[in-house]
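Observations on the three-dimensional arrangement
This is what each chain is made of:
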Amino acid sequence: MDLQQLKPSREQDAAIYLQLYRRFRESIASGKLRPGDRVPSVRSLASELNLARGTVEKAYQILVSEGYFVANGAAGTVVSPRLGNLAEAGRAKVAAPPAGAATRELDEAGKVLPFQMGFPALDAFPRKVWARLAGRSLRTLEIATMSYPDPSGYGPLRRAIATYLGISRGITCSHEQVFVTAGYRGALELVRHTLLQAGDLGWYEDPGYILARQFLEHSGLRLEPVPVDDEGLNVGIGQQRAANARFVVVTPTHQSPMGSALSLPRRLELLDWARRSQAWIIEDDYDSEFRYHGRPLPALKSLDRDGRVMYTGTFSKVLFPGLRLAYLVVPASQVGKFRDTVNYLPGPGSILPQAMVAAFMEQGHFARHLSKMRAVYAERRAWLVDALATTLGEQLSVQPQAGGIQVLTYLNTRQSDKALTTAAEAKGLAVQALSDWRMRKSSQGGLLMGFANFATPEEAAAAVRRLKVVMANP
Ligand SMILES: Cc1ncc(COP(=O)(O)O)c(C=O)c1O
């Protein structure tokens, strides 16, 4: 390696020996210096870089004491051969961000991009109420919010969630069964560590929620794609393909992204399969609060007589995703195991936001907010659907969806949905390709669109016109 790359700068604030020490560490992490490589003697490096010998010696001493270098007496000093893994990790190629990940962030002006999915209507959130609750929590700073958090979640929030689920989702549970988690992935992580093992096989809806799929695969689980149709997850096909699976992840209220509800016969079939094969059902009830026609079926969990369903809900859609709060309801028989596991995981984090959500629920703001948002979303959805019909009616067919805050459209053209999404992204439009949500290939392309943040019909119409331009010249 070119030793001049190690040369410290006189202009930096950090002491010269510290700079030298850091340069060596960086060279090791990036693979420029490999485990076992001989490093120059103190004398030769000092003269090469025009430094005092004492300065180089000091840097080498730290590198030896921290295990980066091994001094072999007269044989010289080498990069520790035991650093093999570290150097590998440093050289590892950074994986490309998952498809759709970019659309989780706001644009440079701090705004939600047109069609961006996963965001509730941020403009309609009752910020004043929230700020008042926050102010109160911070001013009073009750002792209960200053201690170490309960790793299962803040008690009053767990109680508020149990009450809410009883009323709105037909789930009878005690607060002991409720675990507050850092987002939906926190809930999946908790199930993964408590009930599953690396290599376990599970059914996954195809198409299905892309981020959770990537998370589960990353956690060492194997997923068997199971198709969905108008009745939701095809339980019969799941049994044919992988009857011995250990778990299934399902969105029964409003399949993500196709929008169908899991029919009652299939719910019973799924519960029966789980009972017979002692498999776990992870029910993802991410947006059941928003429904525009028909009554939602109660949660699958409400039919769970054998304690096989792990129910999850999130505050990302009903409040806002920056909170990073979700929850998991486990069968009473499993509470002990889950209580053990939470002691070894990072948990849901700070108590204060949990205390604010609890107050928001207890004081009736939550119920008011939800009922206001149902009307807001019904209106915004209609703006988008109308604009699509007027401007892109021939190119796209809007799929009927009873709820949610996104719209699925099928492409009537023979264009590739992935290519269109890439072209749209370049123009600042955050539509997503249905193909990216699929595990197996299908000829039916589609575009997924969020509508929650269109504040006026004109905004929705303008975004659709921009999409039309992209579709005409992809
Ligand atoms: C299908 C589905 N499940 C769960 C979630 C909730 O995820 P999180 O709690 O990480 O925001 C989302 C959010 O977009 C979702 O689309």
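Because the structure is a prediction, the values reported are computed rather than measured. (Residues numbered from 1 in each chain as written. Predicted model: local features only at pLDDT ≥ 70, side-chain atom pairs only at ≥ 80, totals over all residues. Heavy atoms only, no water.)

Moving on: the overall build of the protein chain. What the protein chain contains, in helices and strands, is 16 helices and 15 strands. By principal-axis analysis of the C-alpha atoms, the protein chain measures approximately 80 × 60 × 55 Å. Here the protein chain, with 474 residues, has 51% of them falling under the buried criterion. Long-range contacts, defined as pairs at least 24 residues apart, comprise 71% of the intrachain contacts of the protein chain with a sequence gap of at least 6. (Helix = DSSP H or I, 4+ residues; strand = E, 2+ residues; numbered from the N terminus. Buried < 20%, exposed > 50% of the residue type's maximum accessible area, 1.4 Å probe, protein only. Contact = heavy atoms within 4.5 Å.)

Right, let's talk about the domain arrangement of the protein chain for a bit. Along its sequence, the protein chain is carved into domain 1 (3-91), domain 2 (102-122 + 373-472) and domain 3 (126-367). The gap between the C-alpha centroids of domain 1 and domain 3 is 49 Å. (Domains from an automatic or database assignment.)

With 12 residues, helix α13 (residues 351-362) extends 16 Å from end C-alpha to end C-alpha; this agrees with the ideal 16 Å at 1.5 Å per step. By the criterion of burial, α13 is predominantly enclosed, with 10 of the 12 residues buried. Three or more residues of α13 are buried, namely I351, L352, Q354, A355, M356, V357, A358, A359, F360 and M361. Contacts made by the buried residues of α13 are with α5 (127-140), α6 (143-146), α7 (155-169), β4 (178-181) and α14 (365-392). Among the residues of α13, the N-terminal cap falls to S350, whose side-chain oxygen and the backbone nitrogen of L352 are separated by 3.4 Å. A positive phi of about 85° marks G364, the residue just after α13. (Expected span 1.5 Å × (residues − 1). Polar contact = N/O pair within 3.5 Å; in protein donor to acceptor, adjacent residues only side chain to side chain.)

So, on to the side chain of R266. Inspection of the secondary structure assignment puts R266 in helix α11 (residues 264-277). Looking at R266, its side chain comes within polar contact range of the main-chain oxygen of G232, at 2.9 Å. Each residue touching R266, except ones within four places of it in the same chain, is listed here: D229, E231, G232, L233, N234 and V235.

Judged by pairing direction, the sheet is antiparallel, and its 4 strands sit side by side in the order β12-β13-β15-β14 without closing on themselves. With one partner strand each, in any of the chains shown, β12 (396-398) and β14 (432-433) form the two edges of the open sheet. In this sheet, strand β13 (residues 406-411) lies alongside β12 in antiparallel orientation, the contact comprising 3 bridges. Its bridge partner lying in β13, L396 is registered against L411. (Pairing = 2+ DSSP bridges.)

Right, let's talk about the site of the ligand for a bit. Neighbouring residues of the ligand: 11 residues in total, closest D284, T314, S316, K317 and R324. In the environment of the ligand, an oxygen atom lies 2.8 Å from a nitrogen or oxygen atom belonging to the side chain of T314. A distance of 2.6 Å separates an oxygen atom of the ligand from a polar side-chain atom of K317. When isolated, the ligand has an accessible area of 390 Å², and the protein chains bury 97% of it. Considered class by class, the residues forming the shell around the ligand number 3 nonpolar, 4 polar and 4 charged. (Near = heavy atom within 4 Å. Areas by Shrake-Rupley, 256 points an atom, 1.4 Å probe, with all protein chains shown as cover. Nonpolar A, V, L, I, M, F, W, Y, C, P; charged D, E, K, R; others polar.)

With that settled, the discussion passes to the sheet that holds strand β2 (residues 69-71). Spatially, β1-β3-β2 is the arrangement adopted by the 3 strands of the open sheet, whose pairing is antiparallel. In this open sheet, the two edge strands, each paired with only one partner strand, are β1 (38-39) and β2. Judged from the 2 bridges that link them, β1 and strand β3 (residues 77-79) form a sheet pairing that is antiparallel. Following the sheet pairing, R38 is matched in β3 by V78.

There is a patch of nonpolar side chains on the surface, built from L138, L141, I143 and M146 and spanning about 420 Å² of accessible area. Here L138 is to be found in helix α5. A relative accessible area of 53% means that L138 is categorised as exposed. (Patch = residues over 30% accessible without salt bridge, like charges linked within 9 Å, V, L, I, M, F, W, Y side chains within 5 Å. Salt bridge = Lys/Arg side-chain N within 4 Å of Asp/Glu carboxyl O.)

On to the confidence of the model for the protein chain, then. When the pLDDT values of the protein chain are averaged, the result is 92; 96% of them are 70 or greater. pLDDT under 50 marks residues 97-102. Its contacts with residues more than four places away, or in other chains, come to 6 contacts. (pLDDT = per-residue confidence, 0-100.)

Our focus in this paragraph is the pattern of salt bridges. Charged atoms that come close allow side chains of opposite charge to pair. Across all of its chains, the model carries 11 salt bridges by this definition. Here E142 makes a salt bridge to R136, at a shortest N to O gap of 3.9 Å. On the basis of relative accessibility, which here comes to 38%, the residue E142 falls in the partly exposed class. Residue classification places R136 among the partly exposed residues on the basis of a relative accessible area of 45%. A single network of salt bridges, built from pairs that share partners, joins D150, R158 and R339.

Between D206 and P207 the backbone carries a cis peptide bond, its omega angle lying at 0°. Here P207 is to be found in the loop between β5 (201-206) and α9 (210-218). Going from S256 to P257, the amide bond is cis rather than trans, its omega being 10°. Phi is positive for F115, which is not a glycine, with a value near 75°. Along the chain, F115 turns up in the loop between α4 (84-91) and α5. By relative accessible area, F115 is classed as buried at 1%. Positioned with a positive phi, L141 is a non-glycine residue whose angle comes to about 35°. Overall, L141 belongs to the partly exposed group, its relative accessible area being 34%.

On inspection of all chains with the given rule, the structure shows 18 aromatic pairs. Ring geometry for W130 and F360: centres 5.6 Å apart, planes at 70°, overall edge-to-face. With W130 in helix α5 and F360 in helix α13, this residue pair connects regions lying 230 residues apart in the sequence. For F360, a relative accessible area of 0% corresponds to the buried category. On the basis of an interplanar angle of 75° and a centroid distance of 6.5 Å, the ring pair of Y377 and F451 is categorised as edge-to-face. Remark: F451 occurs in the loop between β15 (446-450) and α16 (457-472) and Y377 occurs in helix α14; sequence separation between them is 74 residues. Neither residue differs from the other here; Y377 and F451 are each classed as buried. (Phe/Tyr/Trp six-rings, centres within 6.5 Å; stacked < 30°, edge-to-face > 60°.)

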